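Spelled out from the first residue to the last, the chains are:
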Amino acid sequence: MKNLFEKWKTRIPKYSEVHKDIFTSLSQKFGAEGEKKINLGKHFSTNYELYTYAFFLGLYNNEFSPIPDGEKKTDFSHHIQHWGSKTTVSTRKDFTNLQENMFIALLAKTDIDLVALEKGELDEDDAVKALVKTMESYTNGGLILIKEKLEENPNYFLQPTSFLNMILEKEKV
């Protein structure tokens, strides 16, 4: 199972381009910490922080929404294993525990025959593809919820606890 986690971490998950505006308005491509983030009016220091939030928002709300076939996908060219990297930012926390929790949630929510995988009857790459597809689907669900909230009230995220409230309000699982 360790290999599956290591392989999953080398992937770059994607999101639907219909949500590109959400990333542009709420997070900073290539990162912005502290005062720079505030001056830019961003809520998340990096795109992968917003991606992670959207994943858990979708997961906790059971919003599994696969990206439709044919819909253009994009990514932010950052492997999961490098999320939370502290090499350039000393104030950033390590994301290792977060990555492990995401992986565990994905294992629980993805239909993978772990016995067949252990016996070598299921290809690891196929299992990782299934995990990434599940991740992208819950993230897409979370991004849809964020989009709906912005359409309902464009100033909603100006409240200091709005992102926390959104997770706590809609918990259905």
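Residues numbered from 1 in each chain as written. Predicted model: local features only at pLDDT ≥ 70, side-chain atom pairs only at ≥ 80, totals over all residues. Heavy atoms only, no water.

> When you look at the nonpolar core in this model, what are you seeing that I'm missing?
A general feature of soluble globular proteins is that nonpolar side chains tend to end up buried together. Counting 41 residues, the largest nonpolar core has Trp8, Tyr53, Phe55, Trp83, Met135, Ile146 and Met166 as its most contacted members. If you list the elements that add at least two residues to this core, you get α1 (2-9), α2 (20-26), α4 (47-60), α5 (96-109), α7 (124-152) and α8 (162-169). When residues no more than four places from it in sequence are discounted, the contact partners of Trp83 are Pro13, Tyr48, Tyr51, Thr52, Phe76, His78, Phe95, Gln99, Met102 and Met135. (Core = buried A, V, L, I, M, F, W, Y, C linked by side-chain atoms within 4.5 Å. Buried < 20%, exposed > 50% of the residue type's maximum accessible area, 1.4 Å probe, protein only. Helix = DSSP H or I, 4+ residues; strand = E, 2+ residues; numbered from the N terminus. Contact = heavy atoms within 4.5 Å.)

> What am I meant to see in α8 here?
Counting along an α-helix, one turn takes 3.6 residues, and residues three or four places apart therefore face a common direction. Ser162, Phe163, Met166 and Ile167 are the residues of α8 that are buried. Down the axis of α8, the smallest arc covering the buried residues is 140°, so these residues share one side. Exposed residues lying more than 90 degrees from the buried face of α8 are Leu164 and Leu168. Those residues of α8 that are buried are in contact with α2, α4 and α7. (Arc of directions from axis to C-beta.)

> Looking at this structure, I do not really get the pattern of salt bridges. What am I missing?
Any two side chains of opposite charge can pair, on the condition that their charged atoms come close. Counted under the stated rule, the structure contains eight salt bridges. For the salt bridge of Lys9 with Glu6, the shortest nitrogen-to-oxygen distance reads 3.6 Å. Of this pair, Lys9 and Glu6 both sit in helix α1, separated by three residues, roughly a single helical turn. Overall, the relative accessible area of 31% leaves Glu6 in the partly exposed class. Residue Glu136 is joined to Lys73 by a salt bridge in which the shortest nitrogen-to-oxygen separation is 3.3 Å. Of this pair, Glu136 sits in helix α7 while Lys73 sits in strand β2 (residues 73-74), and the two are 63 residues apart along the sequence. The exposure class assigned to Glu136 is buried, which follows from its relative accessible area of 9%. Assessed through its relative accessible area of 37%, Lys73 is described here as partly exposed. If you follow the salt bridges from partner to partner, you end up with Lys7, Arg11, Glu124 and Asp125 in one network. (Salt bridge = Lys/Arg side-chain N within 4 Å of Asp/Glu carboxyl O.)

> Honestly, the packing of α4 against α8 in this entry has me stumped. Any pointers?
Relative to each other, α4 and α8 sit at 25°, their axes nearing to 9 Å. In terms of axis orientation, α4 runs roughly parallel to α8. Contacts between α4 and α8 pair Tyr53, Leu57 and Tyr60 from the former with Phe163, Met166 and Ile167 from the latter. (Axes fitted to C-alpha atoms, helices over the stretch in contact; angles between N-to-C directions. Parallel < 35°, antiparallel > 145°, perpendicular 65-115°, else oblique.)

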